[in-house]
Amino acid sequence: MTKQLTDSVTFRHGATISSRIVQPPMLTNSGKDGFVTEDTLAYYGARSQSAGMIIVEYTGSSENGWPSRSWAADREQLAIFDDKFLPGMTKLATAIKKDGNKALLQICHTGREANYRATMGKPVYAPSAMDVPFLDYKLHELSDEQIRQIIKDFGTATERAIKAGFDGVEIHGANHYLLQEFFSKWSNRRTDHWGGSLEKRMNFAKEVCAEVMRVVKQEAPKDFIVGYRISPEEIHDTVGYDWHESTQLIKALTDQFDFDYVHLSLPKYDTKPKDSDRTFGELFQPVLNGAKEIIVGDVMSEEAAKDALNYTDLVAVGRAILIDPEFGLKIKEGRGDQIVHEISPDQVKAAKLTPGLINLFSDMKMEPHLPGRESIAHLHEAGSLNAAVIHNGTKSDISDLEQGTLK
Ligand SMILES: Cc1cc2nc3c(=O)[nH]c(=O)nc-3n(C[C@H](O)[C@H](O)[C@H](O)COP(=O)(O)O)c2cc1C
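Owing to the predicted nature of the structure, the values given are computational and were not obtained by experimental measurement.

About the criteria used
Residues numbered from 1 in each chain as written. Predicted model: local features only at pLDDT ≥ 70, side-chain atom pairs only at ≥ 80, totals over all residues. Helix = DSSP H or I, 4+ residues; strand = E, 2+ residues; numbered from the N terminus. Rg over C-alpha atoms; globule rule 2.2 N^0.38 Å. Buried ≥ 20, exposed ≤ 12 C-beta atoms within 10 Å, placed from the backbone. Contact = placed C-beta atoms within 7 Å. Near = placed C-beta within 6 Å. Nonpolar A, V, L, I, M, F, W, Y, C, P; charged D, E, K, R; others polar. Axes fitted to C-alpha atoms, helices over the stretch in contact; angles between N-to-C directions. Parallel < 35°, antiparallel > 145°, perpendicular 65-115°, else oblique. Left-handed = near helix turned anticlockwise from the far one by under 90°. Pairing = 2+ DSSP bridges. Expected span 1.5 Å × (residues − 1). Arc of directions from axis to C-beta. Core = buried A, V, L, I, M, F, W, Y, C linked by C-beta atoms within 7 Å.

### Re the overall build of the protein chain
Part 1: For the protein chain, the helix and strand inventory stands at 16 helices and 16 strands.
Part 2: The C-alpha atoms of the protein chain give 19 Å as radius of gyration, which agrees with the globular expectation for 407 residues (22 Å, within 12%).
Part 3: Projected onto the principal axes, the alpha-carbon positions of the protein chain cover approximately 55 × 50 × 45 Å.
Part 4: Expressed as a percentage of the 407 residues in the protein chain, the buried residues total 53%.
Part 5: Partitioning the contacts of the protein chain with sequence separation of at least 6, the portion at a separation of at least 24 is 71%.

### Some thoughts on the site of the ligand
Part 1: Residues in close proximity to the ligand total 23 residues, the closest being P24, P25, Y58, G318 and R319.
Part 2: Looking at the shell around the ligand, the elements with two or more residues in it are β4 (53-60) and α16 (398-403).
Part 3: When its residues are assigned to classes, the shell around the ligand shows eleven nonpolar, seven polar and five charged.

### Looking at the packing of helix α2 (residues 86-97) against helix α4 (residues 144-164)
Part 1: Axis separation between α2 and α4 bottoms out at 8 Å; the angle between their running directions is 55°. With respect to α4, the element α2 is oriented oblique. For the pair α2 and α4, the sense of crossing is right-handed. Across from L86, M89, T90 and A93 in α2, the residues of α4 making contact are R160, K163 and A164.
Part 2: Residues belonging to the contact of α2 with α4 are distributed by class as follows: four nonpolar, one polar and two charged.

### Notes on the pairing of β4
Part 1: For β4, the buried fraction is high: eight of the eight residues fall into the buried class.
Part 2: Note that strand β3 (residues 21-23) and β4 share two bridges and pair parallel. Each residue of the ladder has a partner; that of V22, found in β4, is M53.

### Some details on the sheet that holds strand β7 (residues 102-108)
Hydrogen bonding along the main chain pairs the strands of a sheet, whether they run parallel or antiparallel.
Part 1: An order of β3-β4-β7-β10-β11-β14-β15-β16 is seen for the eight strands of this closed barrel, with the pairing classed as parallel. The mean angle between the axes of side-by-side strands here comes to 25°, regardless of whether they run parallel or antiparallel.
Part 2: Of the strand pairs in this sheet, β3 and strand β16 (residues 314-316) are connected by two bridges, and their pairing is parallel. Opposite I21, over in β16, you have V315 as the bridge partner.
Part 3: Sitting on the sheet, helix α7 (residues 203-219) is in contact with β10 (168-173) and β11 (225-230), with an inclination near 175° to β10.

### What about the environment of P67?
Part 1: With respect to the secondary-structure elements, P67 resides in the loop between β4 and β5 (70-72).
Part 2: Separated by 48 residues in the primary sequence, P67 and N115 place their C-alpha atoms 7.4 Å from one another.
Part 3: Among all residues touching P67, those that are not within four sequence positions of it are G34, G60, E76, Q77, A114, Y116 and R117.

### Things to note about the packing of α4 against α7
To characterise two packed helices, one gives the angle between the axes of the helices and the distance between these axes.
Part 1: The N-to-C vectors of α4 and α7 enclose an angle of 35°; their axes lie 9 Å apart at closest approach. The two elements α4 and α7 meet at a crossing, and its hand is right-handed. Residues I147, I151, K152, F154, G155, T158, E159 and I162 of α4 pack against F204, E207, V208, E211, V212, R214, V215, V216 and E219 of α7.

### Overview of helix α8 (residues 243-256)
Because an α-helix completes one turn every 3.6 residues, residues spaced three or four positions apart along the sequence face the same direction.
Part 1: Here α8 is 14 residues long and its end C-alpha atoms lie 20 Å apart, about the 20 Å a rise of 1.5 Å per residue gives.
Part 2: When α8 is considered as a whole, its buried residues turn out to be W243, S246, L249, I250 and L253. Buried positions in α8, seen along its axis, are confined to an arc of 115° and lie on one side of it.
Part 3: Where the residues of α8 are buried, they touch α5 (178-183), α7, β11, β13 (239-241), β14 (261-264) and α9 (280-284).

### Points about unusual backbone geometry
Part 1: In this structure, P67 follows W66 across a cis peptide bond, with omega equal to -5°.
Part 2: The peptide bond linking E367 to P368 adopts the cis configuration, its omega dihedral lying at 0°.
Part 3: Looking at the secondary structure, you find P368 in the loop between α14 (355-361) and α15 (385-390).
Part 4: In the Ramachandran plot, N29 falls in the positive-phi region, its phi being about 50° despite a non-glycine side chain.
Part 5: In this fold, N29 is placed in the loop between β3 and α1 (38-45).
Part 6: Here the phi dihedral of N289 falls at roughly 50°; this positive angle occurs in a residue that is not glycine.

### Digging into the nonpolar core
Part 1: By size, the foremost hydrophobic cluster in this structure holds 111 residues, and its most contacted members are L104, V315 and V317.
Part 2: With eight residues, α4 is the largest single contributor of residues to this core.
Part 3: Those residues in contact with V317 that lie beyond four places of it in its chain are I21, Q23, A51, V299, A305 and F327.

### Things to note about α2
Part 1: Taking 1.5 Å of rise per residue, the twelve residues of α2 would be expected to cover 16 Å, and the 16 Å separating its terminal C-alpha atoms lies within 8% of that figure.
Part 2: Within the sequence span of α2, burial applies to G88, M89, L92, A93, A95 and I96. An end-on view of α2 places all buried positions within 160° of arc, on one side of the element.
Part 3: Considering only its buried residues, α2 is in contact with α1, β4, β7 and α4.

### What to know about the environment of N359
Part 1: Here N359 shows up in helix α14.
Part 2: A residue is classified by how many C-beta atoms lie within 10 Å of it, and N359, with 25 of them, is buried.
Part 3: Sequence separation between N359 and H369 is ten residues, and the spatial gap between their C-alpha atoms is 12 Å.

### Overview of the pairing of β10
Moving residue by residue along a regular strand, the side chains alternate between the two faces of the sheet.
Part 1: Among the six residues that make up β10, six are buried, leaving the element largely enclosed by the rest of the structure.
Part 2: When β10 meets β11, the two strands line up parallel, connected through six bridges. Looking at β11, one finds that H172 is bridged to R229.

This is the structure:
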């Protein structure tokens, strides 16, 4: 039977979501010292019917891998590396779930990308202390003891997500953050248990997944959702890895662990690698082992979302949901023609964009951009940290990082 956007979907552990549309993780730059703020709650609360499930933005699972980005001194990445974050996280999960949306939390160690941490004068850690030409700060090599602690932290973060009432967690293995840094032979130059052969470059991901799964089996409701996000390739001047290797990683992970889904981070949902005439979505299907697949990338309309279903089980809709928080609801109610496709000063308010997101998308240099951005150019605060961090002349900007196209 042909897949419909409005189908409900049941994951292998029993959780059912009411559509095939997913809101992917997107940073809101709305944390204050890592705490959920009123801006965070207003933004996510407005999206309680955006999709079948929302994956909340990358949230710091270890203190030494946080914070990554910020737009102002007190507006940075959310965190869950301490119990003190629990009350805010509980409010966040409640706000998302109030109309039936499922709430997942993306847990993340940002590794070398902790650029705001560097601005704060704190050490930034990575698998190898290499000189990265596009970073203007020094990297410190993680010790074996630190690596083992970070793995435990992923487990504790999961435990807190369960306590906060989230329906699941997504392990952030994509977009150049720590898990990807360990998998990439470009950024991982180690020769110990954590690096060297392809097998050893998989070890960090495997052990993080083992710890998260251990906690979930012990402490979560039976239908708790666990997903893994990956960028299928890391190809810049040199090759970190290609899809031949990343499908082996996903096979190794799904052979060993019963993931509910695997989420491919793509610049465009129907992207194909250079050496295949099949899309990444199609190429990963043979290694899913019962997990559902989510793909993402440039789905800006109902038509594109329908088209994406030719290649996957679930389709994630990012920027289009930033513009119209009712994207999923309107499709569910047969009102797809009423979806707002362009940002405007009125829509900024209706969509409850956080000040951090307004500042990001009113910057005419920002890519990927929102259609209609010229109308909000006057809202940009020149000289904010965003401008400094995102456009500091390096190639480490958000479009490169998040869409996996770092040159
Ligand atoms: C403002 C913004 C913030 C993002 N933050 C995250 C994040 O926290 N974690 C992540 O895995 N991807 C992040 N992404 C990538 C999105 O999840 C998604 O893959 C990307 O936007 C492509 O989808 P789209 O074309 O539908 O927007 C972010 C993207 C944007 C535009």
